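Here is how the chains run, residue by residue.
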Amino acid sequence: MLILTCPYCGVEADETELSPGGEAHLKRFGPGSSEEEFEGYLFMRENPKGVHFERWRHAYGCGKWFLAARCTMTLEVFGTYPAQTTEPPKKIRDAISAKRPGWSWGDFK
Amino acid sequence: MSTRLPTGGRLIDRDTQLDFTFNGKRLRGCAGDTLASALLANDQTLLGRSFKYHRPRGLVASGAEEPNALLGLGKGSRFEPNQRATTTELFDGLTCESQNHWPSLEFDIGAVNNYASRFLPAGFYYKTFMAPRAAWKHVFEPIIRRSAGLGKAPTERDADRYEHFHTHVDVLIIGGGIAGLQAARAAAATGVSVMVVEQTAHWGGRAPVDGAEIEGQLADYWVRETVESLGKLENVRMRARTMGSGVYDHGYVLAYERVADHTPDDDRPRHRLWKIRAKQVITATGAIERPLSFAGNDIPGVMLASAVRDYVVNWGVSPGDRTVVVTNNDDAYRTAIVLKEAGLDVPAIIDARPEVSGALPEQARALGIAVHAGRGVAKVLGGKSVTAVKICAQAGEGAPVDEIPCDVIAMSGGWSPVVHLWSHCGGKLIWEAGNAHFRPNPDKAPTGHAGEVFVHAAGNANGAMTTSEVLADADAAGKAAGKAAGGKATRKAAPKAKEEPSEPMLPVWVMPQGADIKLRGKMWLDYQNDVKVSDVQLAAREGYESVEHTKRYTTLGMATDQGKLSNINGLAVLAGSLGDDIPQVGTTTFRPPYTPISMGAIAGEARAELFQPVRQTPIHTWHEAHGADWEPVGHWRRPYAFPRDGETVHDAVKREVLNTRENVGLLDASTLGKILVKGPDAGRFLDMLYTNMMSTLPVGKCRYGLMCSENGFLSDDGVVARIDEDTWLCHTTTGGADRIHAHMEDWLQCEWWDWEVYTANITEQYAQIAVVGPKARMLLEKIGGMDLGKEALPFMQWAEGELAGIPARVFRISFSGELSYEVAVPASRGLEFWIKLMMAGEEFGVMPYGTEALHIMRAEKGFIMIGDETDGTVIPQDLGLNWAISKKKDDYLGKRAQERSHMTDPDRWKLVGLETLDGSVIPDGAYAVGEGENANGQRNTIGRVTSTYFSPTLGKGIAMGLVHNGPDRTGEVIEFPTLKGGSIRARIVDPVFYDKDGEKQNV
C-alpha cells in the first residue's frame, strides 16, 4: 500500500486516503481535433515498466488533485507536485534522473 | 504408542489438567499443551484423511507448517473448520472433530480413491472432465463439488467479535526467537521505537529445544532475561500470539493476533488485525525442516525430526516407543539423542551420507545408537500407523537390506529459511548449495518509497544456521534497521554462543536415488493436496517446464499450508526431471497471508450495521415509524413504499401513485445531490459540463440539464437553478452527488485551473420534500408564508421565503407530470416541515410515497432515469434528448466524442415507449428479437427493455426501451421472448404515456 505526500496539505497519505486518476499530463482534444488526436487523448496510454506519471486525488483529505512520479517496478516515488502544470517540474525530472539516468516517458526525458 | 512421558515438558504445567473432546471422545491434557501435543499424549495419532486419496494422516510437524492435522474446532456459532492442531492452544472444554471422511475416521469409504490412485494422476480433472458439454452440469460438476474443499462450512453466525488496530513503528520485528529478540535488543539500543511480534505464545523459538547455550547460559535462561529486559524498555512493544501475516508496499505490514482463541467466552475480541506502518522490517521468521521423499512417508508416525524433538522437550510427549531417525544432515541426531535421553528406544539412525563422522553422530554412537551410513528408506510399512521400515542403499534402486520394527520415523531433509515475508514485497532469493536451500538475496531486498531497503532478514530466516551465526546476523540486522530508521549507531557486540560443530549435509530429493515408479508413486511431496513425486515427474514429462505451471497442474503447494513443507522438495524433483539446476527452475511466488487468517479478523468491526455506513435523510425516523419498506440507493436508504396494515408492497405502490395523481403526495427527495457552483467563471464552467447552455439561464429560473463523459456517454442529469449572478445550484441523481462533485473538481483543478469557480457539495445541508399532485398548491397555501400561485411562481422557476415559519427554497419542477413543488429546508428542520405537511394535508388526502411510485410516475411521463435508460453506452441523442443539447456551443464535455461516425450513425438503438398488446408487464431487461440468427444460432436482437412497470394510472403494463431505429418504427409490434417460454408482444409508441401536453403540471 503506497504512501504519497500530498503537495497541498503536506500529509504523508496512505493509499486508502487517495483515489487514483490514471495517467498524468494528458492534453485535451475537443471539437475540431482529428480522429487520431482524439483517439490518442481518449484511449492511448503509456504502460511503462519503470518511470511513470500519475494523477492522484487526496480524496479523503484535502480533496486536491496532484501528480506523482513513481517507478511502476519498485514503487519508488520520485516526487509529487501540484496538478496545475502541463509538464513535470524540473525538480521532479532531476530527482528521476538522479535515480534512473536516461529515463524517458512520452515526450518527457 | 504415543504417550505422556513421566517427566519433562518445558511448556506444560502438569498440575493444571484440561478436559477436551476429539470426535466425541473425552480426553485430558495439560495447561501449555497445543491441541496436537494433547492428542499425541492421548495416543491419538490418526487425525484425519487426506484430500484426494483419503489416506490416513497424522501429525507431521509441530508448528505453522503442519499440513495434515486440520480439525473442525468448536461448536455451533463458534465452529470453525480447518484449524491447525499444532497452532491451537489447548483450553478446558475444547471440542474438535476430524475432517474429510465418511462414515468415520477409522473406516472411510473415500479411501477407495487410494486404490484408484493410478487413475487419478496429476491433471486428472483437466484430462477427464472435458466432453460432452452437457455432462458438466449434471455429472462432473456435482461430483467435483462434493469432493472439493476440506472441512465443513459453519452454519451459524459467528458469535465472536474482531477488531483492527492501526499503529506506526520505526522497526518492526517479525519473529520472537533468539534472532528476533537479539535484533530487537540491537535496534532498541539505537533509540528508535521497536515492535516485536511472535506467532506462538512463547518467546525464544527453537533454540531452547535444540540445546543452544548463549553467553554461558542455557538458551531458556537467556531468552527469559532478554524478554524481561526488553519489556522494561519504553521504546519496545512485544506481542506474542501475533503472526506477521504479510509485508506490503512502503512498509505496510499486517499482523494477526489471536487474542482469545485460547480463552473463549472471556469477552475479549477473538482476533485482532494489526495494520502497521513500519519504517524498517526485520523478518526473523526462522526455518522449516524439510521432509524426505521415500515410499510411505505419509503414514501416521512419520514425522519431522524437529517435531519429534519438540513434542518430547516442549510438552513431555513421546510420539512413539521406537523411533527410527532418517536424515541427510547432523541436526536430526539431536532428536535421536533427546529420545534416548528421555529413555525411549532409537533402534537406528539411517543416514544417506556415505561417510558419517562429526560430534553429533559420535555422541549418538556413544549412546549406543546404530548409525547406518549411506542408507535410505526403501519403504515404510503400516496402514493407519507405522509398523516397520525397510532400509536399503541410498545409491541403489530400493532393494531392502534390512527391516526394522518401529512406530515412529523421524525424518530430516535439511532446513529451509522461512522467506515468505521477505518475498511478499519483491525480495529475491539466492540458492545456497551448501545447505541446499534458498535464502534472501541481500542485494535484491524489498525497497520502500524512497528506494531504500526496508526489509532485512535475520537469523535462520537469513540462512544463518548455528546459534553464533544467528545472533551475530540478528544483531547486525537490528543495528542496520535501527540506523536506517533514524537511530544512533551503537558498538555493543553480539552475544556469543557455544560452538555447534556440524558436518555438511547431503541434498537428497528422492530416497533411494534410483527408486522405481512403484516407490515414487508412494512418495508424498505435498501432504495436504496429495501430490507425489510421480505427479511432478509426470507434469515435467507432459511439458510443464515452468514451476508456476507445474504448481497449478499438480496443485503442489496450493493447499492452505502454501507448500511450507513441499515447495523445495517439489522444485528439486522438477529440476531433476528437467535436467536443470534448482536455481534455474526457480521458486513459485509466496503470497500473504503467511498462514490463513480468519475472515472475522479481516472484517474486523465492519459487520452488521457497521459493515457500511448507511446514509439517512433527516426524515428517516418518521419513515421508519411509518412502516417504510426500504430500498438501498447508493449508500442511502430510501423508502420504496409505505405499506399499510394488510397491504402488500405492490398494493401500497399502486395506492401511492393513484393518490398522488388524484390528491397530493409527499416524497422525501433529500437524497438528491445538490452542488453549489459559484464564481465569475461558473457559467462558462457549467456550459462545458452540461450539454445545454447554463450561462444564459436567468436568475430565478430552473433548467433541466445533461452531463456526459468525455467519451460522449450520458452520465448524469438534473435540474439546475440560477441562484444569483454568479451562483448556480446543480441537482444531481441520488447516487451521483459525490461522483459529479469529484468530476467537477477534477476538471476545475486539472484542466481549467485558471477559471475562478468554487464548488461545494451541500447535499446534506438541506432536506428536500416534493409536494406533488393536483392539491399540492392548496396544501402549501394552507401552511402558508409564500405566494406560490401560477403567476407568482410559474413552472421551472424557484422562489425563496418561509413556509410554516421555516426558511424554504421552493422549486417548481416536476418529475411526475403533476403540479409539483420541491421544497428545500435546512436539514435540521426537515422532519418538522414534513410533519407539518402531513398534518396540514390530512384534509387533502396527503400520503407519503416511495421510490417505486416515483419511478412509475416518471415512466408514465416518459422521463428517463440514469441507470435505467443509461448504462454507459447510451448517448443523449439515443434518448430523444437532442433538445437538451446546445448547437450554439463550440465545446462541452462529450461533444467531440458525439461527433464520431458511430455516434452520428442514424442506425442506432433509440428510446421508444412500449405498450403490451395484452396489457401485461414485460419482464425487466427483456430483449426484443427480430429476423434471423447470429453466429451462435441465437435469434437476432433488435432492442431491449430499460424500464417496465404496471401503470396504476393507465391500468396496464407500460415500458420504455431502446429499439433499433425505434422512433421510425412507431406503431410496429415487436416480440419479447420470456424466460418461461412464449413471448410478449408490444407495440412501439411514444414514450410519453400520460398527459402529453403537460397540462397537469402547468396549472
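What you see is a predicted model, and the numbers here were worked out from it, not measured in a lab.

**Some thoughts on the overall build of chain A**
Reasoning step 1: Tallying secondary structure elements over chain A gives 2 helices and 6 strands in all.
Reasoning step 2: Against the compact-globule benchmark of 13 Å for 109 residues, chain A has a radius of gyration of 14 Å, which places it among compact chains.
Reasoning step 3: Expressed along its principal axes, the backbone C-alpha trace of chain A runs to roughly 40 × 35 × 25 Å.
Reasoning step 4: For chain A, the computed accessible surface area is about 5,700 Å², with 50% contributed by carbon and sulfur atoms.
Reasoning step 5: Distance between charge centroids for chain A: 4 Å, based on 14 positive and 15 negative side chains.

**Things to note about the overall build of chain B**
Reasoning step 1: Helix and strand counts for chain B stand at 26 helices and 51 strands.
Reasoning step 2: Along the first, second and third principal axes, the C-alpha atoms of chain B reach 115 × 70 × 55 Å.
Reasoning step 3: Looking at chain B as a whole, 58% of its 1003 residues qualify as buried.
Reasoning step 4: Across chain B, the fraction of contacts at a sequence separation of at least 24, relative to all contacts at a separation of at least 6, is 66%.
Reasoning step 5: Here chain B displays about 40,500 Å² of accessible surface, and carbon together with sulfur accounts for 52% of that area.
Reasoning step 6: Side chains of chain B carry 108 positive and 126 negative charges; the gap between the two charge centres is 2 Å.

**Section: the sheet that holds strand β36 (residues 673-678) of chain B**
The strands that make up a sheet pair up through hydrogen bonds in the backbone, lying either parallel or antiparallel.
Residues and elements named next belong to chain B.
Reasoning step 1: Strand order in this open sheet of 5 strands is β37-β38-β39-β36-β40, and the pairing throughout is antiparallel. If you trace the sheet from one side to the other, it starts and ends with β37 (702-708) and β40 (758-761), each paired once. The sheet shows a mean angle of 25° between the axes of neighbouring strands, taken without regard to direction.
Reasoning step 2: Pairing geometry for strand β38 (residues 714-724) and strand β39 (residues 727-732), over 4 bridges, is antiparallel.

**Focus: a nonpolar patch on the surface**
Reasoning step 1: The grouping of Trp102, Phe107 and Ile109 of chain B at the surface amounts to a nonpolar patch, some 390 Å² of accessible area in total.
Reasoning step 2: When its relative accessible area of 43% is taken as the criterion, isoleucine 109 of chain B is described as partly exposed.

**Notes on helix α22 (residues 776-783) of chain B**
All names here are of chain B.
Reasoning step 1: Turning to α22, its buried residues are Ala776, Arg777, Leu779, Leu780 and Ile783. End-on view of α22: buried residues confined to an arc of 160°, all on one side of the axis.
Reasoning step 2: Those residues of α22 hidden inside the fold are in contact with β35 (665-668), β41 (766-772), β42 (798-803), β44 (820-826) and α23 (830-840).
Reasoning step 3: Taken from the residues just after α22, glycine 784 is the one with a positive phi, measuring 70°.

**Here's the deal with the packing of helix α19 (residues 649-662) of chain B against helix α24 (residues 851-860) of chain B**
All names here are of chain B.
Reasoning step 1: α24 packs onto α19 with a crossing angle of 55° between their chain directions and a minimal axis gap of 9 Å. Between α19 and α24, the crossing angle belongs to the class labelled oblique. In this structure, the crossing between α19 and α24 has a hand that is right-handed. Residues Val653, Glu656, Val657, Thr660 and Arg661 of α19 pack against Glu852, Ala853, Ile856, Met857 and Glu860 of α24.
Reasoning step 2: In terms of residue class, the contact of α19 with α24 is built from 5 nonpolar, 1 polar and 4 charged.

**Section: the sheet that holds strand β3 (residues 19-23) of chain A**
Reasoning step 1: Spatial ordering of the open sheet is given by β3-β4-β5-β6 (chain A), a layout of 4 strands whose pairing is antiparallel. With one partner strand each, in any of the chains shown, β3 and β6 (77-82) of chain A form the two edges of the open sheet. Strand-to-strand twist in this sheet, taken as the mean axis angle between neighbours without regard to direction, amounts to 30°.
Reasoning step 2: Note: β3 of chain A against strand β4 (residues 51-57) of chain A, 3 bridges, orientation antiparallel. In the strand pairing of β4 of chain A, proline 20 of chain A is matched with tryptophan 56 of chain A.
Reasoning step 3: Taken strand by strand, helix α2 (residues 90-99) of chain A contacts β4, β5 (65-71) and β6 of chain A, and its axis lies near 175° from that of β6 of chain A.
Reasoning step 4: Running over the sheet, helix α21 (residues 737-750) of chain B touches β4 and β5 of chain A and is turned about 75° from β5 of chain A.

**Let's talk about the interface of chain A and chain B**
Reasoning step 1: If you look at the interface, chain A gives 31 residues, while chain B gives 31 residues.
Reasoning step 2: Broken down residue by residue, the surface that chain A buries against chain B is led by Met1, Arg28 and Pro31 of chain A, which jointly contribute 28%.
Reasoning step 3: The partner of arginine 28 of chain A in a salt bridge is glutamate 710 of chain B, with the nearest N and O atoms 2.5 Å apart.
Reasoning step 4: Summed over the shared surface of chain A and chain B, the number is 17 residue pairs in polar contact (both at pLDDT 80 or more).
Reasoning step 5: Only α1 (35-42) and β4 of chain A provide two or more residues apiece to the side of chain A that touches chain B.
Reasoning step 6: Examining the composition of the side of chain A that touches chain B, we find that 4 residues originate from one element, α1 of chain A, more than from any other.
Reasoning step 7: Each residue belonging to the side of chain A that touches chain B can be placed in one class, and the counts come to 13 nonpolar, 9 polar and 9 charged.

**Overview of helix α8 (residues 332-341) of chain B**
Residue and element names in this part refer to chain B.
Reasoning step 1: Taken across its 10 residues, α8 has 8 buried, putting it largely inside the fold.
Reasoning step 2: Every buried residue belonging to α8 is among Ala332, Tyr333, Arg334, Thr335, Ala336, Ile337, Val338 and Leu339, and all of these are buried.
Reasoning step 3: Among the structural elements, α7 (305-315), β20 (322-327), β21 (345-351), α9 (359-366), β22 (371-373) and β26 (408-412) are those in contact with the buried residues of α8.

**Looking at the pattern of salt bridges**
Residue and element names in this part refer to chain B.
Reasoning step 1: As enumerated under the stated definition, the model contains 61 salt bridges over all chains in all.
Reasoning step 2: Aspartate 530 serves as the salt-bridge partner of arginine 57, at 2.7 Å between the closest nitrogen and oxygen. Remark: aspartate 530 occurs in the loop between β31 (524-526) and β32 (531-532) and arginine 57 occurs in strand β5 (residues 56-57); sequence separation between them is 473 residues. Take arginine 57 and aspartate 530: they sit in the same class, and that class is buried.
Reasoning step 3: Of the charged contacts, one joins aspartate 475 and lysine 479 as a salt bridge, the two residues approaching to 2.8 Å between their closest N and O atoms. One end of the pair is aspartate 475 and the other is lysine 479, both in helix α11 (residues 467-484) and 4 residues apart, which spans about a single turn.
Reasoning step 4: We classify aspartate 475 as buried; its relative accessible area is 5%.

**A look at the pairing of strand β33 (residues 629-633) of chain B**
All names here are of chain B.
Reasoning step 1: Bridge count for β33 against strand β34 (residues 636-641) is 5 bridges, and the pairing is antiparallel. By the bridge assignment, valine 633 is partnered in β34 with tryptophan 636.
Reasoning step 2: Between β33 and the antiparallel strand that follows it, β34, lie 2 residues; glycine 634 among them carries a positive phi value of about 60°.

**Some thoughts on the packing of aromatic side chains**
Reasoning step 1: Tallying each qualifying case throughout the model produces 19 aromatic pairs over all chains.
Reasoning step 2: Centroid distance tryptophan 105 of chain A to phenylalanine 108 of chain A: 6.0 Å. Interplanar angle 10°. Geometry classified as stacked. The exposure classification of tryptophan 105 of chain A matches that of phenylalanine 108 of chain A, with both residues buried.
Reasoning step 3: A network of ring pairs unites the aromatic residues Phe53, Trp103, Trp105 and Phe108 of chain A as a single cluster.
Reasoning step 4: Note that arginine 272 of chain B overlies the ring of phenylalanine 165 of chain B, its terminal NZ or CZ placed 4.3 Å from the centroid.

**Concerning the nonpolar core**
All names here are of chain B.
Reasoning step 1: Grouped together as the largest cluster of nonpolar side chains are 91 residues, with contacts concentrated most on Leu35, Phe294, Tyr311, Val326, Ile349 and Ile409.
Reasoning step 2: Not counting residues within four places of it along the chain, the set of residues in contact with isoleucine 409 comprises Phe294, Gly301, Val302, Met303, Val324, Val326, Val380, Val386 and Val389.
Reasoning step 3: Counting residues in hydrophobic clusters, the runner-up holds 46 residues, among them Ala295, Leu421, Trp422 and Val531.

**A word on the environment of alanine 95 of chain A**
Residue and element names in this part refer to chain A.
Reasoning step 1: Along the chain, the position of alanine 95 falls in helix α2.
Reasoning step 2: Alanine 95 gets classed as partly exposed once you look at its relative accessible area, which sits at 28%.
Reasoning step 3: Taking the C-alpha atoms as reference, alanine 95 lies 9.6 Å from alanine 69; in sequence the two are 26 residues apart.

**Quick word on the domain arrangement of chain B**
Interface extent is often summarised as the accessible area lost during association of the parts.
Reasoning step 1: For chain B, the domain assignment lists domain 1 (3-126), domain 2 (162-287 + 417-484), domain 3 (292-411), domain 4 (620-671 + 765-858), domain 5 (674-763) and domain 6 (898-1001).
Reasoning step 2: Relative placement of domain 3 of chain B and domain 5 of chain B: their C-alpha centres are 79 Å apart.

**Observations concerning unusual backbone geometry**
Residue and element names in this part refer to chain B.
Reasoning step 1: The omega angle of the peptide bond from methionine 511 to proline 512 is -10°, so this bond is cis rather than trans.
Reasoning step 2: Topologically, proline 512 is positioned in the loop between α11 and α12 (517-520).
Reasoning step 3: The omega torsion of the bond from proline 592 to proline 593 falls at -5°, within 30 degrees of zero and hence cis.
Reasoning step 4: In this fold, proline 593 is placed in the loop between α16 (582-585) and α17 (599-603).

What counts, and at which threshold
- Residues numbered from 1 in each chain as written.
- Chains lettered and ligands numbered in written order.
- Predicted model: local features only at pLDDT ≥ 70, side-chain atom pairs only at ≥ 80, totals over all residues.
- Heavy atoms only, no water.
- Helix = DSSP H or I, 4+ residues; strand = E, 2+ residues; numbered from the N terminus.
- Rg over C-alpha atoms; globule rule 2.2 N^0.38 Å.
- Areas by Shrake-Rupley, 256 points an atom, 1.4 Å probe, with all protein chains shown as cover.
- Lys, Arg positive; Asp, Glu negative; His and termini not counted.
- Charge placed at Lys NZ, Arg CZ, Asp CG, Glu CD.
- Buried < 20%, exposed > 50% of the residue type's maximum accessible area, 1.4 Å probe, protein only.
- Contact = heavy atoms within 4.5 Å.
- Pairing = 2+ DSSP bridges.
- Axes fitted to C-alpha atoms, helices over the stretch in contact; angles between N-to-C directions.
- Patch = residues over 30% accessible without salt bridge, like charges linked within 9 Å, V, L, I, M, F, W, Y side chains within 5 Å.
- Salt bridge = Lys/Arg side-chain N within 4 Å of Asp/Glu carboxyl O.
- Arc of directions from axis to C-beta.
- Parallel < 35°, antiparallel > 145°, perpendicular 65-115°, else oblique.
- Left-handed = near helix turned anticlockwise from the far one by under 90°.
- Nonpolar A, V, L, I, M, F, W, Y, C, P; charged D, E, K, R; others polar.
- Buried area = accessible area lost by both parts, 1.4 Å probe.
- Polar contact = N/O pair within 3.5 Å; in protein donor to acceptor, adjacent residues only side chain to side chain.
- Phe/Tyr/Trp six-rings, centres within 6.5 Å; stacked < 30°, edge-to-face > 60°.
- Lys NZ or Arg CZ within 6 Å of the ring centre and 35° of its normal.
- Core = buried A, V, L, I, M, F, W, Y, C linked by side-chain atoms within 4.5 Å.
- Domains from an automatic or database assignment.

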